[in-house]
Amino acid sequence: ARALTPQTAETDAIRFLVGTQSLRYDNQIHIIDFDDENNIINKNVLLHQVGEIWHISTSPADKGVLATCYNKTSDSKVMTCAAVWRMPKELESGSHESPDDSSSNTQTLELLCHLDNTAHGNMACVMWEPMGDGKKIISLADNNILLWDLQESSAKAALSSSAALEGKGQLKFTSGRWSPHHNCTQIATANDTTVRGWDTRSMRQIYCIENAHGQLVRDLDFNPNKQYYLASCGDDCKVKFWDTRNVTEPVKTLEEHSHWVWNVRYNHSHDQLILTGSSDSRVILSNMVSISSEPFGHMVDDDELSDQEDQHQEKIKEPLQDSVIATYEEHEDSVYAVEWSSADPWLFASLSYDGRLVINRVPRALKYHILL
């Protein structure tokens, strides 16, 4: 397995979706519910009969709707296609009841629509408009950015605009993220060693970071609290943080992994917490506090210092130090995906190629340090 996503619209129950990559069987989507109080994982399985799943993402507005990118073989050629699906009604919400006999009642996803890519090439990923009503999605196919409008209860996808990468060679997107800022009018894409920003209204490029990494860029993520900050990671084993207003140099670089970094994710609530997963089989949780929205920790109110202290003590606060908080080594295979829970900001999941899903918490001491 290499596809993992939190169920974005589910903000009460802790729930992740995993897509399998098996050549021998029908592929599946596993709905993973984590019961935090009892530390129990419940699982439901949905059949995904159209091929191995390379990418999975969920609607921000509708708990039952998701998109997958999957392999399809036709005329002895393998294409990566994308489709939007609905899960059975009874599985839409995160529930803590485990099914009585899960082996016998495997259910199937209902196909809502295909994102037709016959003219555009292989689909790399599907991104939902972050704050939207679940009607707008962007897919990256080879060198094309395609903006889709999901109509009539998502049963039809109309292509509303598109843009193509132009240049020498076989240009292909590897990944992209839709920014939650600027009224959701910007996305960032990665192709080869380059990171580009695009305006979704004009479909024009707004910034370009050439040679953002020494080798292929694998993943991107936007800081949820600072509108110009973007993280990237890649095959040069590095994670870099950019201010998109000035892209000549990264603001910070992390060099903790010893192999390709497949994934980087900002915590949705506390943007100093950064999660990375790599094919060195490790997940690293870093505290990038100096470039977060709270570089000095919590601000001290003037009232908290008495007048007497005031005279002696000029309030000089040093930025807190960036550090690696923890390295998780429960995986024995390449970690292809890390994701924060959309319901609990202190909980995250990681997925390695051998199909092992690990759920972890931010260390308690750090959690209280951030909160108090």
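All figures in this text were calculated on a predicted structure; none of them were measured in a lab.

Rules used throughout
- Residues numbered from 1 in each chain as written.
- Predicted model: local features only at pLDDT ≥ 70, side-chain atom pairs only at ≥ 80, totals over all residues.
- Heavy atoms only, no water.
- UniProt positions renumbered as here; feature names shortened; annotations may be inferred.
- Helix = DSSP H or I, 4+ residues; strand = E, 2+ residues; numbered from the N terminus.
- Buried < 20%, exposed > 50% of the residue type's maximum accessible area, 1.4 Å probe, protein only.
- Pairing = 2+ DSSP bridges.
- Contact = heavy atoms within 4.5 Å.
- Axes fitted to C-alpha atoms, helices over the stretch in contact; angles between N-to-C directions.
- Domains from an automatic or database assignment.
- Buried area = accessible area lost by both parts, 1.4 Å probe.
- Salt bridge = Lys/Arg side-chain N within 4 Å of Asp/Glu carboxyl O.
- 1 Å grid on protein atoms, 1.4 Å probe; cavity = no way out; pocket = protein on both sides within 12 Å on 5 of 7 lines; lining within 4 Å.
- Points joined across faces, edges and corners; volume = space filled by probe spheres on them.
- Patch = residues over 30% accessible without salt bridge, like charges linked within 9 Å, V, L, I, M, F, W, Y side chains within 5 Å.
- Areas by Shrake-Rupley, 256 points an atom, 1.4 Å probe, with all protein chains shown as cover.
- Polar contact = N/O pair within 3.5 Å; in protein donor to acceptor, adjacent residues only side chain to side chain.

Novice: Looking at this structure, I do not really get the UniProt feature "repeat: WD" (unreviewed entry) in the protein. What am I missing?
Specialist: The positions that UniProt labels "repeat: WD" (unreviewed entry) are, in the present scheme, residues 210-246. Helix makes up 0% of residues 210-246 and strand makes up 46%, while its end C-alpha atoms are separated by 12 Å.

Novice: Teacher, can you tell me more about the pairing of strand β23 (residues 273-278) here?
Specialist: Side-chain positions along a regular strand alternate between the two faces of the sheet. The element β23 is largely enclosed, with a buried count of six among its six residues. Here β23 shows a buried face lined by Leu-273, Leu-275 and Gly-277 and a second buried face lined by Ile-274, Thr-276 and Ser-278. Where strand β22 (residues 261-266) and β23 come together, five bridges link them in antiparallel fashion. Along β23, the bridge assignment pairs Tyr-266 with Ile-274. Here β22 folds back onto β23 in antiparallel fashion, the turn holding six residues. The pairing of β23 with strand β24 (residues 283-287) spans five bridges and is antiparallel.

Novice: Where do I start with the side chain of Asn-287 in this structure?
Specialist: Take Asn-287: it is sitting in strand β24. Setting aside residues no more than four positions away along its own chain, Asn-287 makes contact with Gln-272, Leu-273, Gln-321, Asp-322, Ser-323, Ile-325 and Leu-366.

Novice: I would appreciate a short explanation of the sheet that holds strand β26 (residues 335-340) in the present structure.
Specialist: Strands pair in a sheet through their backbones, by hydrogen bonds, and they do so in one of two ways: parallel or antiparallel. The strand order across the open sheet built from three strands is β26-β27-β28, with neighbouring strands paired in antiparallel fashion. Strands with a single pairing partner mark the edges of an open sheet, and in this sheet they are β26 and β28 (357-361). Adjacent strand axes in the sheet meet at a mean angle of 20 degrees when their direction is disregarded. Two strands pair when backbone bridges link them, and β26 and strand β27 (residues 347-352) are joined in this way by five bridges, in the antiparallel orientation. Within the sheet, the bridge partner assigned to Val-338 lies in β27 and is Ser-350.

Novice: Could you clarify how one ought to interpret the domain arrangement of the protein in this entry?
Specialist: Reports of interface size often rely on the accessible area that becomes lost once the parts have come together. Taken domain by domain, the protein consists of domain 1 (1-91 + 106-164) and domain 2 (166-294 + 318-371). Distance from the C-alpha centre of domain 1 to the C-alpha centre of domain 2: 21 Å. Counting residues at the interface gives 41 residues for domain 1, matched by 38 residues for domain 2. Buried area between domain 1 and domain 2, both sides added, is near 3,100 Å², and the carbon and sulfur share of it is 71%. With a closest N to O distance of 2.6 Å, Arg-361 and Asp-36 form a salt bridge.

Novice: What is the right way to look at the layout of surface pockets in this model?
Specialist: Empty space among the atoms becomes apparent when a probe as large as a water molecule is rolled across them. Of the pockets and cavities examined, the largest pocket occupies roughly 1,500 Å³. Along its surface, the largest pocket is lined by 47 residues, and His-55, Gly-176, Arg-177, Arg-265 and Glu-339 are the ones closest to its centre. Of all elements in the fold, only β1 (3-6), β5 (53-58), β10 (123-128), β14 (173-178), β18 (217-222), β22 and β26 reach the threshold of two or more residues within the lining of the largest pocket. Each of domain 1 (1-91 + 106-164) and domain 2 (166-294 + 318-371) contributes no fewer than three residues to the lining of the largest pocket.

Novice: Honestly, a nonpolar patch on the surface in this entry has me stumped. Any pointers?
Specialist: A contiguous nonpolar surface patch, about 350 Å² in accessible area, is contributed by Tyr-368, Leu-371 and Leu-372. Turning to its location among the elements, Tyr-368 is positioned in helix α2 (residues 364-371). By relative accessible area, which is 39% here, Tyr-368 ends up partly exposed.

Novice: Sorry if this is basic, but what is going on with the side chain of Arg-2 here?
Specialist: Checked against the element boundaries, Arg-2 lands in the segment before β1. A polar side-chain atom of Arg-2 sits 3.2 Å from a polar atom in the side chain of Gln-21. When neighbours within four sequence positions are excluded, Arg-2 is seen to be in contact with Gly-19, Gln-21, Ile-53, Trp-54, Trp-262, Tyr-336, Ala-337, Leu-351 and Tyr-353.

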